[in-house]
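Each chain is listed here by its residues.
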Amino acid sequence: MNQEFQGKTLVISGGTRGIGKAIVYEFAKAGANIAFTYNSNAQIAEEMIKDLETNYKIKAKAYEFNILEPETYKELFEKIDQDFERIDYFISNAIISGRAVVGGYTKFMKLKPKGINNIFTATVNAFVVGAQEAAKRMEKVGGGSIISISSTGNLVYIENYAGHGTAKAAVEAMARYAATELGEKNIRVNVVSGGPIETDALRAFTNYEEVKQATIDLSPLNRMGQPEDLAGACLFLCSSKASWVTGHTFIVDGGTTFK
Ligand SMILES: NC(=O)c1ccc[n+]([C@@H]2O[C@H](COP(=O)([O-])OP(=O)(O)OC[C@H]3O[C@@H](n4cnc5c(N)ncnc54)[C@H](OP(=O)(O)O)[C@@H]3O)[C@@H](O)[C@H]2O)c1
């Protein structure tokens, strides 16, 4: 499976931490070139580029990007065009936290339109504009694979997660629409939906310790998810092994959702 990634390019939002970083390394190991975005961690991005180019012998570039301004994806892809010959895979991964989610990451009765809108913009609108720009480039090379990273918080209750959970439900539906319309261009669109994964985003949960213990208790595998657990699913969905998989949501939850 791995040879097929050599000379191809992955574009991914939010490559500097957590799940995005694990995906960057999974694709680098497979030989793909990587264009990834960062928001605040320019230095981490620089260090990653050096490491990726030295240890994996691939081309890697990082670009500053804010998912709260999805229209700027257009300029971003133009910059990527200057640096990379082709785009084969696009993964919409970045997520906002902190001040931007105030009024969105909270209990139902405290939800505010601004917080909900920010989460929707970062989750759904960013996926739409990024996937549109990526699809235009994929069409030129005969096809490609697009993935949105989602969460099982749209299937099961997670405290304070109403804003995120509803935006994730929306982006999963959006991905199915995209898959239906882009199939004729040989572009597959799928979702990887994770259960609780140990990253900064989850550590920012006010009830992190509680969520962590509950996940360990719920999972038949008796552990939390790690970023690498989602990265393998992304590599599979972008590979030719998944050539008839589109419009699908691949749940990677350590068995927690059923229990
Ligand atoms: N953690 C979980 O339990 C879990 C479970 C299922 C699904 N997910 C999903 O997986 C994805 C990644 O989550 P994560 O847990 O890996 O998050 P994370 O560790 O908090 O990393 C967030 C990434 O997004 C970037 N970012 C933050 N604010 C941004 C902004 N305004 N514009 C553009 N980029 C921004 C960060 O860049 P900087 O480092 O430069 O700030 C970082 O690379 C998200 O879609 C999330 O919903 C997470």
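Residues numbered from 1 in each chain as written. Predicted model: local features only at pLDDT ≥ 70, side-chain atom pairs only at ≥ 80, totals over all residues. Heavy atoms only, no water.

A. Representation of the sheet that holds strand β3 (residues 60-64). Strand order in this open sheet of seven strands is β3-β2-β1-β4-β5-β6-β7, and the pairing throughout is parallel. Edge strands, defined here as strands with exactly one partner in the open sheet, are β3 and β7 (249-252). Across the sheet, the mean angle from the axis of one strand to that of its neighbour is 20°, orientation sign disregarded. Across four bridges, the pairing between strand β4 (residues 89-92) and strand β5 (residues 144-151) is parallel. Along β5, the bridge assignment pairs I91 with I147. Strand contacts of helix α5 (residues 162-182): β5, β6 (187-194) and β7, with the helix running at about 160° to β6, the strand carrying the most contacts. The sheet contacts of helix α8 (residues 227-238) involve β4, β5, β6 and β7, and relative to β6 the element is tilted by about 165°. (Pairing = 2+ DSSP bridges. Helix = DSSP H or I, 4+ residues; strand = E, 2+ residues; numbered from the N terminus. Axes fitted to C-alpha atoms, helices over the stretch in contact; angles between N-to-C directions. Contact = heavy atoms within 4.5 Å.)

B. The arrangement of the layout of surface pockets in detail. The volume enclosed by the largest pocket comes to roughly 990 Å³. Forming the boundary of the largest pocket are 44 residues, of which N93, A94, I95, I96 and A201 lie nearest the centre. For the lining of the largest pocket, the elements supplying multiple residues, two or more each, are α1 (18-29), β2 (33-38), β5, α5 and α6 (200-203). Grouping the amino acids of the lining of the largest pocket by side-chain chemistry returns 20 nonpolar, 21 polar and three charged. (1 Å grid on protein atoms, 1.4 Å probe; cavity = no way out; pocket = protein on both sides within 12 Å on 5 of 7 lines; lining within 4 Å. Points joined across faces, edges and corners; volume = space filled by probe spheres on them. Nonpolar A, V, L, I, M, F, W, Y, C, P; charged D, E, K, R; others polar.)

C. Expanded view of empty space enclosed by the protein. Tallied over the full model, the rule gives one cavity of 30 Å³ or more. By volume, the largest cavity amounts to about 60 Å³. Forming the boundary of the largest cavity are S92, N93, A94, I95, A122, T123, S148, I149 and K168. For the lining of the largest cavity, the elements supplying multiple residues, two or more each, are α4 (113-140) and β5.

D. Examining the packing of aromatic side chains more closely. Across all of its chains, the model carries eleven aromatic pairs by this definition. Ring centres of Y161 and F205 lie 6.1 Å apart, and the angle between their planes is 50°; on these two criteria the pair is classed as tilted. With Y161 in the loop between β5 and α5 and F205 in the loop between α6 and α7 (208-218), this residue pair connects regions lying 44 residues apart in the sequence. Each residue in the set F65, Y73, F77 and F90 is aromatic and connected to the rest through ring pairs, giving one cluster. If you follow K59 out to its NZ or CZ, it ends over the ring of F84, 5.2 Å from the centre. (Phe/Tyr/Trp six-rings, centres within 6.5 Å; stacked < 30°, edge-to-face > 60°. Lys NZ or Arg CZ within 6 Å of the ring centre and 35° of its normal.)

E. Region of the structure containing the site of the ligand. In the vicinity of the ligand lie 29 residues, with T16, N39, S40, N41 and T199 positioned nearest. Here an oxygen atom of the ligand sits 2.7 Å away from a polar atom, N or O, in the main chain of N39. Residue A201 places a main-chain N or O atom 3.4 Å away from an oxygen atom belonging to the ligand. A total of 910 Å² of accessible area belongs to the ligand in isolation, and the protein chains cover 95% of it. Breaking the shell around the ligand down by element, the ones donating at least two residues are α1, β5 and α6. Residue composition of the shell around the ligand, by class: twelve nonpolar, 14 polar and three charged. (Near = heavy atom within 4 Å. Polar contact = N/O pair within 3.5 Å; in protein donor to acceptor, adjacent residues only side chain to side chain. Areas by Shrake-Rupley, 256 points an atom, 1.4 Å probe, with all protein chains shown as cover.)

F. Up close: the nonpolar core. Core analysis: the biggest nonpolar cluster contains 44 residues, and Y73, I80, F90, I146, V189 and F205 have the highest contact counts within it. Of all the elements in the fold, those that place two or more residues in this core are α3 (73-83), α4, α5, β6 and α7. No other element matches α4, which puts ten residues into this core. (Core = buried A, V, L, I, M, F, W, Y, C linked by side-chain atoms within 4.5 Å. Buried < 20%, exposed > 50% of the residue type's maximum accessible area, 1.4 Å probe, protein only.)

G. Looking closely at the packing of α3 against α4. Running from amino to carboxyl end, α3 crosses α4 at an angle of 35°, the nearest separation of the two axes being 9 Å. For the pair α3 and α4, the crossing hand works out as right-handed. Each of Y73, K74, F77, E78 and D81 in α3 lies in contact with α4, whose residues at this interface are A126, V129, G130, E133, A134 and R137. Broken down by class, the residue content of the contact of α3 with α4 amounts to five nonpolar, one polar and five charged. (Left-handed = near helix turned anticlockwise from the far one by under 90°.)

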